[in-house]
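Below, each chain spelled out in residue letters.
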Amino acid sequence: MRGSTHTFILEGVDAAPCRVEAAVINGRTPRTTVVGLPDAAVREAVDRVQAAMEVSGLKYPEGRVTINLSPASHRKEGPSYDLPIAIALMLAGGMLDRAARSRAADCLFAGELRLDGGLAAITGGVAMADLAARSKVGTVILPFESAGVAALVGGVRVLSATSLLDVVQHLAGGQPLPPAEPMRLLRGSADVDLADVRGQALPRRALAVAAAGWHNLLMVGPPGTGKTTLARCLPGILPPPSPLETLEMARVASVVGAVPSRSRPFRSPHHTASAAAIVGGGARPRPGEITLAHHGVLFLDELPEFARPALEALREPLERDEVRIARAGGRVCFPARVLLVAAMNPTRSGHGRPGSDGSLHRLSGPLLDRIDLHVEVPSVPIRMLSGEGHGQSSEVVRKRILTARRMQRNRQGGVLNGRLSSRQLDAWAVMRPGAEAVLQRSVEDLGLSARAWDRLRRVARTLADLDELDVIEEAHVAEAVQFRWLDRS
């Protein structure tokens, strides 16, 4: 006899369909074989399923049992296959009738089985629900702990189960499983408010520009001048994520087993992190810090201290907003739309002219070209530390940024200034003749690349939006050049 169920394979942060087939041949020596490129956790599912069925009063099929995970060319990992294997075995063993078989055919199953028959949480629930919505599958059945976040996906019915017996009774037409309530995502509070930052007018301005146009930012200054504090202010002035962005953030969190949030992520890896830890990778590719910061901030403190391969690996993701990892077994794509904020001392001693000791040699020109804003963070005068010189709060600055974002949305749709192509800049970064002359002269004097030419236009476009102007003025270009501090130094 045969039985089959449907589940999913996690590929990056997306789900691909997987069919679990079970065949039972009676009269043969009892043995269970799992085929279809299973890893150790999937092969161990047989023992978990057998124990869970026994404690639930369900009979494990006798005879030779073969379990096939299709497509066989894709590697299957993790314990989420326990539940679909158990249901497929019961269908193959004749423990569920034709009506149950019909109900199971319109369901996606996933869940780890405990030895007491209960169901434990799995990763990738959001991706699984999205697969069901795209595949026109009617129902998704998940453990209670995973169903709430999967229910955030619209267009699919998500049912939550606490045990294997609950699922069996539901398929048999007994007690139906309850629909999962979408998880309530909480919004975290910002670590630091801009009003708490003393002095630093130019870096504060740079933060507003970075947030308004989604421009990458590098801050250079001696130790103790507030670079890390300024970076931690950025999530508080960024506009709240859209519903689509919130769902994408929840998808990434679901894949790594984290708790989703309505707040934009802020990731700050240590400078000893490897390239695989930053951009993702490994023999079985996993998301890196840049993917965990998707739609949020990736903060790299002590930038020159990061390994050169880790920094160079950032170049393509910063341009494409995604990480593509190729392995012998296939390719994986991770989302990586981040706002990069980096900080560094001018020299290893912490003082002096930037790069005078060769520390800047660790940063390649192509990497620096991908950072729109270079700004100096000088030491703060004592009179400001004593309580004078407070600036605007994060809430006030956020309102100005929302106005600038609204202008961008009305003009160019969902594309922010920091992601405008050269052709789009020609159409939307309209300059007065004097402003274009200033830009040409600045690029020639500083010896900037063609990429830097476009980045100056993007920053100038954002500065004009903050001033609520449609045309870029000379002052906007001059200020954009001012934010290329390392080039000028």
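See the structure printed just above.
Not measured: the values here are computed from a predicted model. (Residues numbered from 1 in each chain as written. Predicted model: local features only at pLDDT ≥ 70, side-chain atom pairs only at ≥ 80, totals over all residues. Heavy atoms only, no water.)

1. Considerations on the overall build of the protein
Part 1 of the reasoning: If you tally the helices and strands in the protein, you get 22 helices and 16 strands.
Part 2 of the reasoning: With the C-alpha coordinates aligned to their principal axes, the bounding extent of the protein is approximately 85 × 45 × 40 Å.
Part 3 of the reasoning: Out of the 489 residues in the protein, the part that is buried amounts to 52%.
Part 4 of the reasoning: Across the protein, the fraction of contacts at a sequence separation of at least 24, relative to all contacts at a separation of at least 6, is 74%.
Part 5 of the reasoning: Carbon and sulfur atoms provide 50% of the accessible area of the protein, an area that totals close to 21,000 Å².
Part 6 of the reasoning: Here the protein contributes 60 positively and 51 negatively charged side chains, and the mean placements of these two sets differ by 4 Å. (Helix = DSSP H or I, 4+ residues; strand = E, 2+ residues; numbered from the N terminus. Buried < 20%, exposed > 50% of the residue type's maximum accessible area, 1.4 Å probe, protein only. Contact = heavy atoms within 4.5 Å. Areas by Shrake-Rupley, 256 points an atom, 1.4 Å probe, with all protein chains shown as cover. Lys, Arg positive; Asp, Glu negative; His and termini not counted. Charge placed at Lys NZ, Arg CZ, Asp CG, Glu CD.)

2. Observations regarding the nonpolar core
Part 1 of the reasoning: Core analysis: the largest hydrophobic core is formed by 52 residues, its most contacted members being Leu207, Leu217, Met219, Leu234, Ile237, Val341 and Val477.
Part 2 of the reasoning: Once you skip the residues sitting within four places of it in the chain, Met219 turns out to touch Lys227, Leu230, Ala231, Val341, Ala342, Ala343, Met344, Val375 and Val377.
Part 3 of the reasoning: Counting residues in each nonpolar core, the second largest holds 42 residues, with Ala45, Tyr60, Leu83 and Ala88 among its members. (Core = buried A, V, L, I, M, F, W, Y, C linked by side-chain atoms within 4.5 Å.)

3. A closer look at the packing of aromatic side chains
Part 1 of the reasoning: Throughout the structure, instances matching the rule amount to 1 aromatic pair.
Part 2 of the reasoning: One residue, Arg337, lies across the ring of Trp214, its end atom 4.9 Å from the ring centre. (Phe/Tyr/Trp six-rings, centres within 6.5 Å; stacked < 30°, edge-to-face > 60°. Lys NZ or Arg CZ within 6 Å of the ring centre and 35° of its normal.)

4. Describing the sheet that holds strand E16 (residues 373–376)
Part 1 of the reasoning: Read from one edge of the open sheet, 5 strands run E11-E12-E15-E10-E16, paired in parallel fashion. Each of the sheet's edge strands pairs with one partner strand only, and the pair in question is strand E11 (266–267) and E16.
Part 2 of the reasoning: Relative to strand E15 (residues 339–344), strand E12 (residues 297–300) is paired through 4 bridges, and the arrangement is parallel. Residue pairing across strands places Phe299 opposite Val341, the latter belonging to E15. (Pairing = 2+ DSSP bridges.)

5. Quick notes on the environment of Gly414
Part 1 of the reasoning: Inspection of the secondary structure assignment puts Gly414 in the loop between helix H17 (394–412) and helix H18 (422–428).
Part 2 of the reasoning: Spatially, the C-alpha atoms of Gly414 and Arg441 are 32 Å apart, while their sequence positions differ by 27 residues.

6. Details of unusual backbone geometry
Part 1 of the reasoning: With an omega of 5 degrees, the peptide bond between Ser70 and Pro71 qualifies as cis.
Part 2 of the reasoning: In this structure, Pro71 sits in the loop between strand E4 (64–70) and helix H3 (82–92).
Part 3 of the reasoning: Its identity is not glycine, yet Leu37 carries a phi of approximately 55 degrees, on the positive side.
Part 4 of the reasoning: Here Leu37 shows up in the loop between strand E3 (31–35) and helix H1 (40–43).
Part 5 of the reasoning: Residue Leu37 is classed as partly exposed on the basis of its relative accessible area of 41%.
Part 6 of the reasoning: With phi around 60 degrees, Trp214 is a residue other than glycine that occupies positive phi space.
Part 7 of the reasoning: Within the secondary structure, Trp214 is located in the loop between helix H8 (201–213) and strand E10 (217–220).

7. Side note on the side chain of Thr139
Part 1 of the reasoning: The topology assignment puts Thr139 in strand E8 (residues 139–143).
Part 2 of the reasoning: Looking at Thr139, its side chain comes within polar contact range of the side chain of Arg157, at 2.9 Å. (Polar contact = N/O pair within 3.5 Å; in protein donor to acceptor, adjacent residues only side chain to side chain.)

8. Quick word on the side chain of His476
Part 1 of the reasoning: Within the secondary structure, His476 is located in helix H21 (residues 474–482).
Part 2 of the reasoning: Residue classification places His476 among the buried positions, given a relative accessible area of 4%.
Part 3 of the reasoning: Sequence-distant contacts of His476, defined by excluding residues within four places in its chain, comprise Ala460, Leu463, Ala464, Asp467, Leu469 and Val471.

9. Description of the environment of Leu207
Part 1 of the reasoning: Checked against the element boundaries, Leu207 lands in helix H8.
Part 2 of the reasoning: The exposure class assigned to Leu207 is buried, which follows from its relative accessible area of 0%.
Part 3 of the reasoning: As for Leu207 and Leu217, which are separated by 10 residues in sequence, their C-alpha atoms are 7.8 Å apart.
Part 4 of the reasoning: If we skip the residues at most four places from it in the chain, Leu207 touches Leu194, Leu217, Leu230, Cys233, Leu234 and Ile237.

10. Quick look at the packing of helix H19 (residues 433–446) against H21
Part 1 of the reasoning: Where H19 meets H21, the closest approach of the two axes is 8 Å, and the angle between their N-to-C directions is 20 degrees. With respect to their mutual orientation, H19 and H21 come out roughly parallel. Viewed along their axes, H19 and H21 form a crossing whose handedness is right-handed. Facing H19, whose interface residues are Gly434, Ala435, Val438, Leu439, Ser442 and Leu446, H21 presents Glu474, Val477 and Val481.
Part 2 of the reasoning: Broken down by class, the residue content of the contact of H19 with H21 amounts to 6 nonpolar, 2 polar and 1 charged. (Axes fitted to C-alpha atoms, helices over the stretch in contact; angles between N-to-C directions. Parallel < 35°, antiparallel > 145°, perpendicular 65-115°, else oblique. Left-handed = near helix turned anticlockwise from the far one by under 90°. Nonpolar A, V, L, I, M, F, W, Y, C, P; charged D, E, K, R; others polar.)

11. Side note on the pattern of salt bridges
Part 1 of the reasoning: Inspection of every chain in the model, using the stated rule, returns 27 salt bridges.
Part 2 of the reasoning: The salt bridge involving Glu312 is made with Arg315; its shortest N-O contact spans 2.4 Å.
Part 3 of the reasoning: One salt-bridge network, in which partners are shared between bridges, spans Asp14, Asp130, Arg134 and Arg251. (Salt bridge = Lys/Arg side-chain N within 4 Å of Asp/Glu carboxyl O.)

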